[in-house]
Amino acid sequence: MSKYLKFLDLGNQPLANNYLRKDQLIKKEKKYRLKVGINNESKLVSIEKPLSSKIMFNQNYPYRSSMSKTMIKSFKNLSDFIKKKFHPKKILEIGSNDGSFLKNFSKKKSIGIEPCSNVEQITKSKGYNTYSEYWNKNTAKKILKKNGKIDLIYSANTISHIQNLDEVFKSINIILKDNGIIILEDPSLLECLKRNTYDQFYNEHIYVFSLIAIENILKKHNLEVFHIQNLKIHGGSNRYFIKKKNNKIKIDLSVKLNRDKEIRYGLNNLKTYRSFAKRVQKSKKLLKKLFMKIKNKKKIIVGYGVTAKSTTVLNYCKIGKKYISYFVDTTLDKQNKYTPGTRIPIFEYKGLDNKKIDYIFLGAWNFKDEIFKKEKNFIKNGGKVIIHTPVPKII
Ligand code: DWN
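All values derive from a computational prediction rather than experimental measurement.

## Side note on the sheet that holds strand E2 (residues 32-39)
- Pairing is antiparallel in the open sheet, where four strands are placed in the order E1-E2-E3-E9. The outermost strands of the open sheet, each flanked by one partner alone, are strand E1 (4-13) and strand E9 (207-208).
- Pairing between E2 and strand E3 (residues 45-47): three bridges, direction antiparallel. When the bridges of E3 are listed, Val36 appears paired with Ile47.
- The strands touched by helix H10 (residues 308-317) are E1 and E2; relative to E1, the strand with the most contacts, the crossing angle is about 80°.

In structure tokens:
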């Protein structure tokens with residue numbers, strides 16, 4: 001019988017992306033216990049108690065994938081590859097956000113599904129065919145009726161947000177042509193464990209996938225992975241290329257190599273997860289100590305890029321206004337608000353002034369290279385950077 005085995009407790013956490021307006025500060029925020037575990041049979045790693053999609057993904061969703069050059073470039077490169085390799089006549093994106101990926105394709109060919117209507121409208125306003133719906137069988141049937149079958153389905157950082165994975169793939173099978181391709185992209189569990197990025201777990205990230213778990217889910221739906229790309233995106237992601245089993249495309253060596261790598265690291269063993277949990281507890285202590293040491297010297301620390309991930313770190317490590325004076329972020333919908341749980345003010349990013357800021361804490365550590373390039377003058381002039389992965393340190 002399959003069992004869910006808990007291995008990590010990240011404490012009480014607010015909604016990860018619920019940036020608060022000033023008038024909301026008088027109210028107590030609802031907190032949810034964030035525990036992480038693994039299914040002993042499917043090896044699927046998930047948070048213990050997923051929340052309903054409607055609470056997290058609605059008309060107030062603040063995240064925009066277009067806020068990083070890294071993402072825009074990655075979407076462009078993938079689009080060029082897709083056009084060259086698969087020549088799709090019709091392409092569907094599940095979780096199209098603000099259209100950063102779809103904009104690389106012709107409007108006639110593209111369909112976007114995005115339940116958060118505020119971001120869906122951005123893509124629609126550019127002339128794209130979008131639906132403000134959750135991905136399920138009803139949505140698949142509705143799109144099939146209006147648009148016919150699809151050649152290629154792409155979904156980045158979305159499937160890990162949907163609780164019912166069986167419904168996800170049943171719905172995909174309704175609409176995908178027999179020779180159609182699915183490309184999924186999500187953070188890699190292996191990289192998460194290696195880099196101690198426990199902040200990949202928050203209420204929106206119901207799952208952090210391994211290839212092992214993905215293959216166990218897919219086989220129930222007559223689907224299989226035929227190629228994998230390991231990406232640097234979001235601190236290490238996997239891009240899975242998937243086909244229907246009766247499609248003759250060859251399964252290449254990348255699949256076996258990735259599977260072997262995961263088995264070698266111990267993703268099949270509970271012991272691996274228990275030692276990860278110990279490293280996470282140690283990381284919490286070290287990060288807090290680092291912040292205390294810097295604050296004792298009366299230095300000013302500013303958060304750089306407020307993320308769903310940083311909600312986990314700040315609430316788990318109990319790092320609030322006492323340590324971080326404010327965050328800066330380029331996302332309009334996060335500015336002039338407060339961080340969930342810790343209530344640190346968030347301001348518009350207007351560059352970093354070495355006279356006013358001694359340290360930045362990288363909430364958006366996943367865009368470290370991009371941020372270091374952008375802030376080279378701040379760093380050249382003595383500005384320091386705090387990062388929590390793979391171990392808390394000052395760069
Ligand atoms: O899976 C998810 C990922 C893809 O996006 C969602 N559940 C929610 C969201 O997660 P996140 O909030 O952890 O995402 P990011 O992409 O790490 O957020 C980066 C933040 O940093 C954005 O608010 C933009 C900001 N930023 C900035 O202010 N200056 C980013 C860069 C690169 C910058 O130079």
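Still more to cover.
## Some words on the sheet that holds strand E18 (residues 393-394)
- Read across the open sheet, the seven strands follow the order E14-E15-E13-E12-E16-E17-E18; overall the sheet is mixed. Bordering the open sheet on either side are strand E14 (337-338) and E18, each of which pairs with just one other strand.
- Note that strand E13 (residues 326-329) and strand E15 (residues 345-348) share three bridges and pair parallel. For Val328, the partnering residue across the bridge sits in E15 and is Phe347.

## Description of the nonpolar core
- Leu92, Trp135, Phe201 and Ile324 are the most contacted members of the largest nonpolar core, which totals 76 residues.
- By residue number, the principal contributor to this core is helix H9 (residues 270-296), which donates eight residues.
- Ile324 has contacts with Phe291, Ile301, Val302, Gly303, Leu314, Ile319, Ile344 and Phe361, leaving out every residue within four places of it along the chain.
- Within the second largest apolar cluster, 33 residues are counted, among which are Phe75, Ile233, Ile360 and Phe378.

## Some remarks on helix H5 (residues 165-175)
- Taken together, the buried positions of H5 are Leu165, Val168, Phe169, Ser171, Ile172 and Ile175. All buried residues of H5 lie within an arc of 155° about the axis, which places them on one face of the element.
- Residue Asn164 occupies the N-cap position of H5, its side-chain oxygen lying 3.3 Å from the main-chain nitrogen of Asp166.

## A short note on the layout of surface pockets
- Of the voids in this model, the second largest pocket is the one considered here, and its volume is about 830 Å³.
- Looking at the second largest pocket, it is lined by 26 residues, and the ones nearest its centre are Thr70, Lys232, Asn366, Asp369 and Glu370.
- Where the lining of the second largest pocket is concerned, the elements lending two or more residues are helix H2 (69-86) and helix H11 (368-374).
- Residue composition of the lining of the second largest pocket, grouped by class: seven nonpolar, eight polar and eleven charged.

## A short note on the site of the ligand
- Around the ligand sit 27 residues, and of these His161, Glu204, Lys309, Lys334 and Lys374 come closest.
- A distance of 2.9 Å is found between a nitrogen atom of the ligand and a side-chain nitrogen or oxygen belonging to Tyr202.
- Residue His205 places a side-chain N or O atom 3.0 Å away from an oxygen atom belonging to the ligand.
- Protein chains bury 97% of the 720 Å² of accessible surface belonging to the ligand in isolation.
- Taken together, the elements giving at least two residues each to the shell around the ligand come down to H10 and H11.
- Ranked by the residues each element gives to the shell around the ligand, the list is headed by H11, at three residues.
- When grouped by side-chain class, the residues that make up the shell around the ligand number ten nonpolar, eleven polar and six charged.

Thresholds, definitions, all that
- Residues numbered from 1 in each chain as written.
- Predicted model: local features only at pLDDT ≥ 70, side-chain atom pairs only at ≥ 80, totals over all residues.
- Heavy atoms only, no water.
- Pairing = 2+ DSSP bridges.
- Helix = DSSP H or I, 4+ residues; strand = E, 2+ residues; numbered from the N terminus.
- Contact = heavy atoms within 4.5 Å.
- Axes fitted to C-alpha atoms, helices over the stretch in contact; angles between N-to-C directions.
- Core = buried A, V, L, I, M, F, W, Y, C linked by side-chain atoms within 4.5 Å.
- Buried < 20%, exposed > 50% of the residue type's maximum accessible area, 1.4 Å probe, protein only.
- Arc of directions from axis to C-beta.
- Polar contact = N/O pair within 3.5 Å; in protein donor to acceptor, adjacent residues only side chain to side chain.
- 1 Å grid on protein atoms, 1.4 Å probe; cavity = no way out; pocket = protein on both sides within 12 Å on 5 of 7 lines; lining within 4 Å.
- Points joined across faces, edges and corners; volume = space filled by probe spheres on them.
- Nonpolar A, V, L, I, M, F, W, Y, C, P; charged D, E, K, R; others polar.
- Near = heavy atom within 4 Å.
- Areas by Shrake-Rupley, 256 points an atom, 1.4 Å probe, with all protein chains shown as cover.

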